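Geometric and topological summary
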Amino acid sequence: MNFVEKIKSFFAGKPVLSDEFFDELADLLIEGDLGPAEAFKIGETLRDCCKKEKITVPEDARLRLAVLLEEMLHIAGGSRDVLMQLPDQSVDAPAVILLLGVNGVGKTTTAAKLAALYRDSFGRKPILAAADTFRAAAIDQLKLHGEKLDLRVVAHKQGGDPAAVVYDAIESARAGKGDLIIVDTAGRMHTKTALVEELRKIDRVVEAKAQGAKYVKYLVLDATTGRNALVQAEVFCEAVSPEAAIVTKYDSTAKAGVIFSLASVLRLPTGYLCTGEKYGDMKKFDPHEFAREFAGIN
Ligand SMILES: Nc1nc2c(ncn2[C@@H]2O[C@H](COP(=O)(O)OP(=O)(O)OP(=O)(O)O)[C@@H](O)[C@H]2O)c(=O)[nH]1
Ligand SMILES: [Mg+2]
């Protein structure tokens, strides 16, 4: 039974709202990867709301729960839609999207998905920048996406300076080859400190080089890693302050309660949810829809 099925059967199997109801609900939310502190707080707030608002039927309590969950997402400003944020760019000031995250979360796949989305739905001319120079296979993987999507890929040799790759990609855009640079970065280095230093350097180069241009940093997190995603996010938020998260592999887990913690603990909104390996398997994050889905309403 997956999480959504569990929460559905929980509400279906409870005829009355007892004290145990709220405690059990908190336990269940934790199973859905919501943090224990947030889960117990939601449980208590819901208990108070039900008392005040004279809610006695579990189904009504579930609707109220969805509202409380959605409010948590709005602490971080809800979803931040980069598409709406990106102004029309002149070639002099190309837009830059930097994708960050630990290894295997789906950065490279997401870079390709975003490139396809921006080109096909928004008439942009994306350039993929292979700033994961740590592994040769990473460069080849991005080149393969470039071939499939018929997009320009700026890449250097393995072991090269990733910041230099980004620099070249921006130059290439300035020369008229594109208007949106999507940067794939490494998720693994010899040490975590080395990784953080590398990302900071890329960040500095973009800030300096793409002056005046729209620059968005997305942290890619894998929903199947559960609460671990919050720990990862803490590190990246401290190092490079990403604007929003992109949560991948939602198709494999059907939970991702960690999104509530990202919003309430780190004030990090989620921008997109990824639901598979194909280019089209990505949707804009909708706080209302996500909160209701998490509460088992559909
Ligand atoms: N089911 C599912 N699989 C995904 C999704 N996004 C990525 N993947 C898969 O996850 C695996 C890792 O994806 P990559 O894009 O290579 O991840 P990465 O973050 O670039 O990995 P490194 O370069 O090793 O740091 C691949 O097999 C992808 O096909 C998703 O939304 N759903
Ligand atoms: Mg990669």
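Below is a summary of the structure that appears in this document. (Residues numbered from 1 in each chain as written. Chains lettered and ligands numbered in written order. Predicted model: local features only at pLDDT ≥ 70, side-chain atom pairs only at ≥ 80, totals over all residues. Heavy atoms only, no water.)

1. Examining the overall build of the protein
Summing up its helical and strand segments, the protein has 13 helices and 8 strands in all. On C-alpha atoms alone, the protein measures out to a radius of gyration of 21 Å, which is about the 19 Å that the 2.2 N^0.38 rule sets for 298 residues. With respect to the principal axes defined by its C-alpha atoms, the protein has extents near 65 × 40 × 30 Å. A burial count over the protein gives 55% of its 298 residues as buried. (Helix = DSSP H or I, 4+ residues; strand = E, 2+ residues; numbered from the N terminus. Rg over C-alpha atoms; globule rule 2.2 N^0.38 Å. Buried < 20%, exposed > 50% of the residue type's maximum accessible area, 1.4 Å probe, protein only.)

2. Remarks on helix α7 (residues 136–149)
With 14 residues, α7 should cover 20 Å at 1.5 Å per step; its first-to-last C-alpha distance of 20 Å lies within 8% of that length. Those residues of α7 not exposed but buried are Ala138, Ile139, Leu142, His145, Gly146 and Leu149. Down the axis of α7, the sector holding all buried residues measures 120°, keeping them to one side. Along α7, exposed side chains directed more than 90 degrees from the buried face belong to Glu147 and Lys148. Of the surrounding secondary structure, the elements contacted by the buried residues of α7 are α6 (107–122), β2 (126–131), β3 (152–154) and β4 (180–185). The first or second residue beyond α7 is aspartate 150, which carries a positive phi of 55°. (Expected span 1.5 Å × (residues − 1). Arc of directions from axis to C-beta. Contact = heavy atoms within 4.5 Å.)

3. Some remarks on the sheet that holds strand β6 (residues 244–248)
Across the sheet, 8 strands lie side by side as β3-β2-β4-β1-β5-β6-β7-β8; this open sheet has mixed pairing. Single-partner strands in this sheet number two, and they are β3 and β8 (282–284). Averaged over all neighbouring strand pairs, the angle between strand axes comes to 25°, with direction disregarded. For strand β5 (residues 215–222) and β6, the ladder comprises 5 bridges, and the chain directions are parallel. Looking at the pairing, leucine 221 lines up with valine 247 of β6. Together, β2, β3 and β4 form the strand contacts of α7, whose direction differs from that of β2 by roughly 170°. Strand contacts of helix α9 (residues 192–209): β1 (95–100), β2, β4 and β5, with the helix running at about 155° to β5, the strand carrying the most contacts. (Pairing = 2+ DSSP bridges. Axes fitted to C-alpha atoms, helices over the stretch in contact; angles between N-to-C directions.)

4. Overview of the pattern of salt bridges
One pass over the full model with this rule turns up 15 salt bridges. A salt bridge links lysine 209 to glutamate 171; the nearest nitrogen and oxygen atoms lie 2.4 Å apart. In this pair, lysine 209 sits in helix α9 while glutamate 171 sits in helix α8 (residues 162–177), placing the two residues 38 residues apart along the sequence. Overall, lysine 209 belongs to the buried group, its relative accessible area being 14%. Measuring nitrogen to oxygen at the nearest pair gives 3.9 Å for the salt bridge that ties aspartate 281 to lysine 278. What makes aspartate 281 buried here is its relative accessible area of 17%. The class of lysine 278 is exposed, set by a relative accessible area of 60%. The structure contains a network of salt bridges with shared partners spanning Asp19, Asp23 and Arg47. (Salt bridge = Lys/Arg side-chain N within 4 Å of Asp/Glu carboxyl O.)

5. Some remarks on the site of ligand 1
Around ligand 1 sit 20 residues, and of these Lys107, Thr108, Thr109, Asp251 and Glu277 come closest. Here threonine 109 contributes a side-chain N or O atom positioned 2.5 Å from an oxygen atom of ligand 1. Within the side chain of glutamine 141, an N or O atom sits 3.0 Å from an oxygen atom of ligand 1. A total of 660 Å² of accessible area belongs to ligand 1 in isolation, and the protein chains cover 82% of it. Across the shell around ligand 1, the residue classes tally to 2 nonpolar, 11 polar and 7 charged. (Near = heavy atom within 4 Å. Polar contact = N/O pair within 3.5 Å; in protein donor to acceptor, adjacent residues only side chain to side chain. Areas by Shrake-Rupley, 256 points an atom, 1.4 Å probe, with all protein chains shown as cover. Nonpolar A, V, L, I, M, F, W, Y, C, P; charged D, E, K, R; others polar.)

6. Side note on α9
For α9, which comprises 18 residues, the first-to-last C-alpha distance of 26 Å matches the rise-based estimate of 26 Å (1.5 Å per residue) to within 8%. Those residues of α9 that sit buried are Leu195, Val196, Glu198, Leu199, Ile202, Asp203, Val205, Val206 and Lys209. Against β1, β2, α8, β4, β5 and α10 (228–240) lie the buried residues of α9.

7. Description of the side chain of histidine 145
Secondary-structure assignment places histidine 145 in helix α7. Given a relative accessible area of 12%, histidine 145 falls into the buried group. Looking at histidine 145, its side chain comes within polar contact range of the side chain of tyrosine 279, at 2.8 Å. Apart from the residues lying within four places of it in its own chain, the contact partners of histidine 145 are Thr108, Thr109, Ala112 and Tyr279.

8. Description of the packing of α9 against α10
Running from N to C, α9 and α10 point in directions that differ by 45°, and their axes come no closer than 10 Å. Here α9 is positioned oblique relative to α10, judged by the angle of their axes. Between α9 and α10 the crossing geometry is right-handed. On α10, the residues that touch Lys192, Leu195, Val196, Leu199, Arg200 and Asp203 of α9 are Val235, Phe236, Glu238, Ala239 and Val240. (Parallel < 35°, antiparallel > 145°, perpendicular 65-115°, else oblique. Left-handed = near helix turned anticlockwise from the far one by under 90°.)

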